[in-house]
Amino acid sequence: MHEFAIARALIDVAEDAARRAAARRIVGLNARIGVLRQVDALLLSEAFAAARGGTACCDAELRVEPVQTELECPACRAAFNSRAWDWRCPRCGAEGENPRGGEELELVSIEVDDDDDSGDSQGPGEERPRRRREPCPV
Ligand SMILES: [Zn+2]
């Protein structure tokens with residue numbers, strides 16, 4: 001259910017952003033999710049596929065960029081990324097501290113497509129790209 005709630009939330013934010021941008025269709029969602037959120041990527045993509053029906057995201061593809069937790073080693077001062085829940089320094093084995101990142105759960109941008117599927121009736125001088133990226137400020 002965790003992943004389903006996240007999928008719903010991402011779709012809600014994407015629909016809002018598409019409305020603001022007066023976009024016809026959402027074709028892609030670009031999200032960042034921190035490792036500490038313990039989101040299962042496969043479950044999330046299944047949940048997204050189930051949740052997008054009947055929404056503005058019904059044809060959209062969800063792309064998730066995982067965000068690692070950056071740690072600092074108190075012993076040798078190395079900076080490194082945690083591996084899941086292993087916070088040990090890869091150089092000296094000390095427990096890392098000052099974690100940064102890994103808690104993200106945000107929709108960064110959506111890709112929208114203004115192709116209205118009504119044939120090749122695009123008038124001349126149509127300069128606006130049909131497919132464009134809209135940022136989703138958090
Ligand atoms: Zn170290």
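Residues numbered from 1 in each chain as written. Predicted model: local features only at pLDDT ≥ 70, side-chain atom pairs only at ≥ 80, totals over all residues. Heavy atoms only, no water.

Observations regarding the overall build of the chain
Put simply, the rule reads: Numbering of helices and strands runs from the N terminus, with a helix taken as a DSSP run of H or I at least four residues long and a strand as a DSSP run of E at least two residues long. When accessible area is computed with a 1.4 Å probe and restricted to protein chains, residues below 20% of their type maximum are described as buried, those above 50% as exposed, and intermediate ones as partly exposed. Per-residue and other accessible areas were derived by the Shrake-Rupley procedure at a 1.4 Å probe size, with only the shown protein chains allowed to occlude residues.
For the chain, the count of helices and strands is two helices and seven strands. Put simply, the chain runs from its N terminus to its C terminus through helices and strands in the order α-β-α-β-β-β-β-β-β. Residue burial in the chain is summarised as follows: out of 138 residues, 37% are buried. Accessible surface computed for the chain: about 8,400 Å², of which carbon and sulfur atoms make up 49%.

Focus: the coordination of the zinc ion
For clarity, the threshold we go by: Distances decide who is a donor: an N, O or S atom must be within 2.8 Å of the metal, or within 3.2 Å for Na, K and Ca. Water is not included, so sites may look incomplete. Here a site with four donors is tetrahedral if all angles are between 85 and 135 degrees, and a site with four or six donors is square planar or octahedral if opposite donors are over 155 degrees apart and the other angles are between 65 and 115; anything else gets the irregular label.
Taken together, Cys73 (SG), Cys76 (SG), Cys89 (SG) and Cys92 (SG) make up the protein donors of the zinc ion, found 2.2 to 2.3 Å from the metal. One way to put it: the four donor atoms around the zinc ion meet at angles of 102 to 119°, and that makes the site tetrahedral. Taken in sequence order, the residues that donate to the zinc ion follow the motif C-x2-C-x12-C-x2-C. Of this pair, Cys73 sits in the loop between β3 (70-72) and β4 (79-81) while Cys92 is found in the loop between β4 and β5 (97-100), placing the two residues 19 residues apart along the sequence. Its relative accessible area of 40% is what places Cys92 among the partly exposed residues.

As for the sheet that holds strand β6 (residues 105-113)
Picture the strands of a sheet paired through backbone hydrogen bonds; they go either parallel or antiparallel. Where we set the bar: Any two strands between which DSSP finds at least two bridges are classified as paired. Orientation is described by lines fitted to C-alpha atoms, with helices fitted over the stretch in contact, and by angles between N-to-C directions that extend from 0 to 180 degrees. The criterion used for residue contact is that any of the two residues' heavy atoms lie within 4.5 Å.
Sheet architecture is open: four strands sit in the order β2-β1-β6-β7, paired in mixed fashion. Across the chains shown, the open sheet's two edge strands, defined by having one partner strand only, are β2 (61-67) and β7 (131-135). Strand after strand, the sheet turns through a mean of 20° between neighbouring axes, direction not considered. Relative to β2, strand β1 (residues 25-34) runs parallel, the two sharing seven bridges. Opposite Leu29, over in β2, you have Leu62 as the bridge partner. The strands that helix α1 (residues 2-20) touches are β1, β2 and β6; relative to β6, the one it contacts most, it runs at about 50°. Each of β1 and β2 touches helix α2 (residues 41-51); the most contacted strand, β2, lies at about 150° to it.

Let's talk about the side chain of Glu15
For the record, the criterion: Counting rule applied: Lys, Arg positive; Asp, Glu negative; His and chain ends not counted. The rule for a salt bridge is simple: a side-chain nitrogen of Lys or Arg has to be within 4 Å of a carboxyl oxygen of Asp or Glu.
Structurally, Glu15 is set in helix α1. In this structure Glu15 is buried but unpaired, with Arg8 as the nearest side chain of opposite charge at 4.6 Å. Dropping the residues within four chain positions of it, Glu15 is found in contact with Ile26, Thr55 and Ala56.

Some details on the side chain of Ser109
Mapping Ser109 onto the fold places it in strand β6. Since its relative accessible area comes to 5%, Ser109 is described here as buried. Among residues more than four places away in sequence, those in contact with Ser109 are Gly28, Leu29, Asn30, Arg133, Glu134, Pro135 and Cys136.

A closer look at the sheet that holds β3
Pairing is antiparallel in the open sheet, where three strands are placed in the order β4-β3-β5. Edge strands, defined here as strands with exactly one partner in the open sheet, are β4 and β5. On average, each strand axis in the sheet is inclined to that of its neighbour by 25°, with strand direction left out of account. In terms of strand pairing, β3 meets β5 through two bridges, oriented antiparallel. The residue of β5 that forms the bridge with Glu72 is Glu97.

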